[in-house]
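# Observations on chain architecture
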Amino acid sequence: MKSVCFSRNVFSMMLLVTCTFLFSPPLDAKTFALFRGIRNNGRVAVANNANQNTLPIAEQSLATPDLLAQLKTASEKLSAALRTPSNQEISRSLSVLRNANNILVRKVDSELDNEKAAFWKEHLQLADLQKTLATAEPDAKLLAEIAGKFEADIDGIRHIRFAAARDALRNYRTLLQLQNEQQLQAQFKLLETSLPSLVEAYSGTEDTDAGAKLSRMIVWLDDLKSYIPEAGAVVTLLRANLTKQNLFVDVSEKMIGAGFIRDFQESFDVRENIDGTNIIGTGNIDGKVTANLVENKRVAEIRVELNANMESNTTGSQGPVVVRSQTSGTMNASKLIYISKEEIVAARATASGNLQTQILKTSINGGKIIKLFAKQQISERQPETQAIAKRRAEQRLAKRVDETVNERIGELNGRYQNEFRKPLNDLGLFPSVWNLTTSEDKLHLSLTAGSSSQLAAPTVVPETATAGSDLVVRLHQSFVNNVATLALAGRTFEEESVVAHLAERYGKDKLPKALQRDSSEEPWTIKFAPTLPVSISFNEDVLKVCVRIDVFKQGNNVYEARDGRGLDITVTYKVSKDGEMTVFEKQEATVFPRGFDQSKDKLGGRETSIISIVKKRLDSQLPAKLGQKTEIAESEWKGHSITPNQASAKSGWITIGWKFD
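Residues numbered from 1 in each chain as written. Predicted model: local features only at pLDDT ≥ 70, side-chain atom pairs only at ≥ 80, totals over all residues. Heavy atoms only, no water.

## Details of the packing of helix 3 (residues 66-80) against helix 11 (residues 229-242)
- Put simply, helix 3 and helix 11 touch, their axes get as near as 8 Å, and they point 165° apart. With respect to helix 11, the axis of helix 3 lies roughly antiparallel. Crossing angle aside, the handedness with which helix 3 passes helix 11 is left-handed. In contact with L67, Q70, L71, A74, S75, K77 and L78 of helix 3, helix 11 contributes E230, A231, V234, L237, L238, N241 and L242.
- Of the residues contributing to the contact of helix 3 with helix 11, the split by class is 9 nonpolar, 3 polar and 2 charged. (Axes fitted to C-alpha atoms, helices over the stretch in contact; angles between N-to-C directions. Helix = DSSP H or I, 4+ residues; strand = E, 2+ residues; numbered from the N terminus. Parallel < 35°, antiparallel > 145°, perpendicular 65-115°, else oblique. Left-handed = near helix turned anticlockwise from the far one by under 90°. Contact = heavy atoms within 4.5 Å. Nonpolar A, V, L, I, M, F, W, Y, C, P; charged D, E, K, R; others polar.)

## So, the confidence of the model for the protein
- Of all residues in the protein, 85% have pLDDT values of 70 or greater, and the mean over the chain is 80.
- Within the protein, helix 2 (residues 29-36) has the poorest average pLDDT of any element, 33, and helix 6 (residues 126-133) the best, 94.
- pLDDT under 50 marks residues 1-63. Its contacts with residues more than four places away, or in other chains, come to 208 contacts. (pLDDT = per-residue confidence, 0-100.)

## Focus: the pattern of salt bridges
- Counting across every chain of the model gives 21 salt bridges.
- Here D402 and K335 are joined by a salt bridge, their closest N and O atoms 2.4 Å apart. With a gap of 67 residues between them, D402 in helix 13 (residues 368-426) and K335 in strand 5 (residues 321-339) connect regions that are remote in the sequence.
- The buried category is assigned to K335, whose relative accessible area is 2%.
- The partner of R548 in a salt bridge is D568, with the nearest N and O atoms 4.0 Å apart. A residue pair is termed long-range when its members are at least 10 positions apart, and R548 in strand 14 (residues 542-554) and D568 in strand 16 (residues 567-578) qualify at 20 residues. (Salt bridge = Lys/Arg side-chain N within 4 Å of Asp/Glu carboxyl O. Buried < 20%, exposed > 50% of the residue type's maximum accessible area, 1.4 Å probe, protein only.)

## Considering the packing of aromatic side chains
- What the rule picks out here adds up to 8 aromatic pairs.
- Residues F493 and F528 carry aromatic rings whose centres are separated by 5.7 Å and whose planes lie at 80° to one another, so their mutual orientation is edge-to-face. Here F528 lies in strand 12 (residues 524-528) and F493 lies in strand 11 (residues 492-494), a separation of 35 residues in the sequence. Residue F493 shares its accessibility class with F528, and that shared class is buried.
- Here the aromatic cluster, defined as three or more aromatic residues joined through ring pairs, consists of F119, W120 and F162.
- If you follow R474 out to its NZ or CZ, it ends over the ring of F248, 5.2 Å from the centre. (Phe/Tyr/Trp six-rings, centres within 6.5 Å; stacked < 30°, edge-to-face > 60°. Lys NZ or Arg CZ within 6 Å of the ring centre and 35° of its normal.)

Put into structure tokens, the structure is as follows:
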């Protein structure tokens, strides 16, 4: 039997994303900017009730007992409509596949460089696919082989450009398989017998395995609905009742405003001409920038304001007259920032001032009559001159605010588009429902994370008291499970590539100790299970995380799942108090082969050896507590800290609050 050596880092890495998200919210400028770049794309959450200190909740209904009755009726209609696909429908599906494949070939040629285009053409056998699709009866064996390559674990295969061809191929193969009436009857019988129990399990206990099975059913029914519309009715019922928003975030005005507060000091030169009078001089502005939220039920709206004292000393000359004056007073400039799903934009700044001008000295070269006339002109024109000077000072200040803020907005918007929105869109991971609104004292975010085949929260978000918390996250377990499935299912990761990517993004010196490999150890490679690679559950103030691995490699040591018996690594944490902080304290960490029943199954010698090594690593590497006071070292929030001050977990939902100082 081969010995198996597990890296001490791998398990902490697999839990890193989940635990970091829940207990150490990233507050660097880049992440916070991306977090805010959202727009209302669905129902808006109910306005916050400030008197009760409760978070806004979506107006959603619980899955009712009527759902099972409705599903039964819909399933009966589906069974009544049961039929094998006609030759015309199969021919139409083949035509769609041919068109999708032709479009894919054009996209590969136009969007990728020659080397990458050649790779994908070879990997997906696009030439062979086009050739067999041109025949009346494409080679079923070849189609199955290529369909597997569309689902293979290769970086880039999940890009949106491959989705249409992949889905069309799957749909065509499904119709071919369903020409077998006996197989079709068996599939529908399985649907009728298992659907009610799966729905009850997911809507009642929010069982993650039930959710995964329901998702696979949705995929299958989606493939059928184009020629059996009754299949679409079942899908619609499932999505309407079991897919509610699964992430809610509220951020206080105090916390958002702290990222904008700064002193503003600037000196400037005055060079103007007002009605023929040349004016030169210097001035300075001394003030403070603040930010406030503006109530908006469509997008997030933030008003950035500069309140300042201004003073300038100028000399105006026209002909024989020279006037030295001093202007002082207060000025205000404001600029509105709008954050939508598509972009971050800002309106033009406006400014106003309360300025007074005092003439310090007047010099007039000329005789008595000239001086008398000049003084009269100065006196008569002074109000108009002051008004013009005030307006120009306001314009100057508004322009300066625009220049300063627009540069920053452009940078944030670029990051949002290129580092967040585009990558998620390319991979089909951008949330289907994403709402961002503002009230007078909070920014409210709510979204639904998951693909069209995944279920989200089956229950409404619970009302939670939030007094004393500046950042509150209410997260349903489906959020983590859906994202993990889309991003990790069946994928292989190499330690060196993972560490290099994180080091490039966040800096090598900021990597957690769990990712800092001992130089004496060889790098590892892991492959996640194709179903529920990482699942999380919240119930009775307990956080439970399960990581499913099918393959682990380190040097010459290899462990591969046999008969579906990969390794399931489960860790539980329970809500506890640590002084003023609310934290999650580790309860236990277990490692067993998948599907292992401790009451009757026995471990083999190989499995016992593996589990012993893994358990030892887990006990030594996983933190005893999750959640701590975090000092913000960088970004606009530098010098501040966040401290977890509340946490609760129940019925699939977790609520965590942080106090901002």
